[in-house]
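# Working through the structure, step by step
Take a look at the letters that make up each chain.
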Amino acid sequence: MIRTHDAGALRAADIDSSVTLTGWVARRRDHGGVAFIDLRDASGVVQVVIRDEEAASPLRSEYCLRVVGDVRRRPEGNENPNLPTGEIEVVADTVEILSAAAALPFPVEEYEATPVNEEVRLRYRYLDLRRPEMTRNLRLRADVTRIIREVMSAHDFLDIETPYLTRSTPEGARDFVVPVRLQPGKWYALPQSPQLFKQLLMVAGLERYYQIVRCFRDEDFRADRQPEFTQLDIEWSFCDVDDVLDLTEQVLVRLWRELLDVEVTTPIPRMTYAEAMRRFGIDRPDLRFGCELVDCTAYFAQTPFRVFLPPGAGSDDWYVGAVVMPGGGSQARRELDAWQEWARSHGAKGLAYVLVGDDGELGGPVAKNLSDSERAGLVEHTGAKPGDCIFFAAGRRSDALGLLAATRLEIGARCNLIDEARWEFVWVVEAPMFEATDDGWTSVHHPFTAPNDEWVDRFEKQPGEALSRAYDIVLNGTELGGGSIRIHRPDVQQRVFDVLGLTEEQAKGQFGFLLEAFEYGPPPHGGIAIGLDRLCALLADADSIRDVIAFPKTASGGDPLTGAPTPITAAQRREAGIDAKPDESRADSTSM
Ligand code: ASP
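Residues numbered from 1 in each chain as written. Predicted model: local features only at pLDDT ≥ 70, side-chain atom pairs only at ≥ 80, totals over all residues. Heavy atoms only, no water.

## Points about the site of the ligand
Under the convention used in this document: Near residues are defined by distance, with any heavy atom within 4 Å of the molecule or strand qualifying the residue. N or O atoms within 3.5 Å of each other form a polar contact, as long as, within protein, one can give a hydrogen and the other can take it, and as long as residues adjacent in sequence are counted only when both atoms are side-chain atoms. The numbering of helices and of strands both runs from the N terminus, where a helix is a DSSP run of H or I of at least 4 residues and a strand a run of E of at least 2.
Near the ligand, the surroundings consist of 13 residues, among which Glu171, Gln195, Lys198, His446 and Arg486 are the closest. Within the side chain of Ser193, a nitrogen or oxygen atom sits 3.4 Å from a nitrogen atom of the ligand. Ile528 places a main-chain nitrogen or oxygen 3.5 Å from an oxygen atom of the ligand. Of all the secondary structure elements, the ones that give two or more residues to the shell around the ligand are α5 (195–203), β21 (478–485) and β22 (525–531). No other element matches β22, which puts three residues into the shell around the ligand.

Here it is, written out as structure tokens:
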């Protein structure tokens with residue numbers, strides 16, 4: 001037997017047992033001719049005492065060892081209450097080096113004390129993952145998927161795999177494509193999500209599907225985004241919005257209860273998209289603090305101040321809003337200038353402000369430009385208090401709301417208003433069906449999202465107003481996932497494609513198989529997907545989703561460990577048929 005016990009599992013009850021352990025040298029200390037080794041295996045760490053200097057002398061950090069010895073109580077005063085094995089130690093009889101370790105690129109154990117460049121961590125990921133923090137994250141992730149599977153199978157959902165080599169599934173990103181050697185000039189697309197397949201499974205009568213599934217989206221690089229990521233993907237026939245929300249809540253409740261000992265209050269509150277935009281300027285509001293936006297468009301409808309009402313403004317799309325920074329009235333010139341700089345880095349021209357003195361007097365350059373009555377009522381209208389600062393944004397509604405939403409979050413951070421211990425979940429429901437693009441309309445969710453009852457017969461008349469049966473689950477300002485009740489009537493689906501500017505021909509080319517399936521008695525159905533990486537990062541309190549993925553890519557999409565992506569040889573290129581001309585016209589991938 002290579003070992004008899006797990007090192008980290010030894011306790012006082014094992015005292016006087018003979019044990020054979022295996023593991024890595026986490027730390028070594030020498031004391032009067034005796035070496036103390038922290039031996040680490042997957043279960044934890046135990047102290048090993050080596051009296052034989054000759055046996056001890058070659059041992060270095062991260063050597064892999066086999067130790068035979070006896071468990072004994074640590075001498076009085078040497079116990080370590082911070083360690084589960086801290087009452088005992090193992091006195092070694094023999095120490096066998098199973099394998100040596102080269103000089104380490106970074107200290108594995110003292111990681112916290114020696115920050116290491118992430119590129120280097122990823123290059124030596126197998127060493128990085130030896131760190132207990134990282135092991136803990138991967139264990140937590142395994143617990144997350146185990147609990148999810150328990151909840152889903154308790155509700156009779158079937159875990160069904162869907163293809164990775166397939167054709168385009170529109171989720172608004174670009175496809176990763178794979179050449180097909182045996183059909184030169186033809187390409188698979190990796191799925192942006194299993195959306196179309198899970199809907200086909202509903203047509204197939206499976207009724208309840210789920211999958212913990214990898215998705216692939218070729219999007220522009222952003223710090224905390226991975227080109228491949230995992231989601232809990234669910235689809236359900238004969239359900240309504242309440243069913244999907246309730247099931248998702250059960251998953252969340254179990255996760256928070258079992259992994260964090262936190263009770264999530266259900267039902268999780270719901271907020272319409274319109275309310276979220278009005279109160280927070282964003283569709284994923286952070287409800288851990290107040291500072292809600294105040295609409296000042298009507299208040300400044302007659303203002304002499306040109307910034308708040310330039311000639312020609314006053315259209316439906318013009319918006320002036322405010323957000324109050326508590327205690328911000330005493331900010332120094334330098335701080336106020338820094339806010340302007342900050343606003344510019346967010347693509348704005350600047351950030352108008354009014355300072356409210358302790359005596360209620362208004363200060364700052366904007367105040368002078370307002371009318372007497374505007375000045376008189378401003379504090380009351382915005383809810384500011386003496387000593388506060390009122391920030392304003394004016395412009396196209398979406399731009400101004402976006403700036404105020406970011407300002408609100410910045411205020412929350414700078415004024416320490418965010419209680420990090422709070423978990424504020426909210427459902428954002430009834431998002432619009434479509435949003436305008438330069439040359440038409442695009443789906444806010446995806447083209448298979450159903451319009452709500454009020455709009456189902458007339459969404460094409462006012463696409464910008466039409467509301468959907470979509471829902472997003474938001475936690476502390478982060479979108480965890482989302483889904484919708486789907487369209488199951490081919491005529492409604494066709495009308496959505498019409499709004500999106502897809503001709504019947506194009507729709508047939510891309511989704512003909514789905515439309516055809518819908519001719520065979522499709523059930524009403526709906527579903528949701530929850531991003532697993534983000535969920536785990538929040539549960540693990542990790543800084544980045546990369547810390548809960550075993551082998552993530554860097555922010556620029558590379559893997560320093562394997563060197564991927566790599567060039568391919570001319571022969572591989574030929575063989576894969578990359579440059580072959582397609583023998584028929586292919587429907588392009590969509591981004592709708
Ligand atoms: N397919 C969607 C996504 O991946 C989720 C859903 O609508 O169920 O975001």
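## A few points about the sheet that holds β22
Going by this rule: In this description, strands pair whenever DSSP reports at least two bridges between them. Any two residues whose heavy atoms approach within 4.5 Å at even a single point are treated as in contact. To obtain an axis, a line is fitted to C-alpha atoms, over the contacting stretch when the element is a helix, and the angle between two such axes runs from 0 to 180 degrees between their N-to-C directions.
Spatially, β6-β9-β10-β22-β21-β20-β17-β11 is the arrangement adopted by the eight strands of the open sheet, whose pairing is mixed. Every other strand in the sheet has two partners, leaving β6 (158–159) and β11 (270–272) as the edge strands with one partner each. Relative to β22, strand β10 (residues 228–237) is paired through seven bridges, and the arrangement is antiparallel. Residue Leu232 lies in a different strand from β22, and its bridge partner there is Ile530. Sheet contacts for helix α7 (residues 273–280): β11 and β17 (425–429); angle to β11, the most-contacted strand, approximately 80°.

## Structural notes on the packing of helix α11 (residues 490–499) against helix α12 (residues 504–517)
The cut-off we apply is this: A clockwise turn of the near helix away from the far one marks a right-handed crossing, whereas an anticlockwise turn of less than a right angle marks a left-handed crossing. Each residue gets one of three labels, nonpolar for Ala, Val, Leu, Ile, Met, Phe, Trp, Tyr, Cys and Pro, charged for Asp, Glu, Lys and Arg, and polar for the others, Gly among them.
It is at 11 Å that the axes of α11 and α12 come closest, and there the two elements cross at 145°. By crossing handedness, the relation of α11 to α12 is classed as right-handed. Across from Gln493, Gln494 and Phe497 in α11, the residues of α12 making contact are Glu504, Ala507, Phe511 and Leu515. In the contact of α11 with α12, the residues fall into four nonpolar, two polar and one charged.

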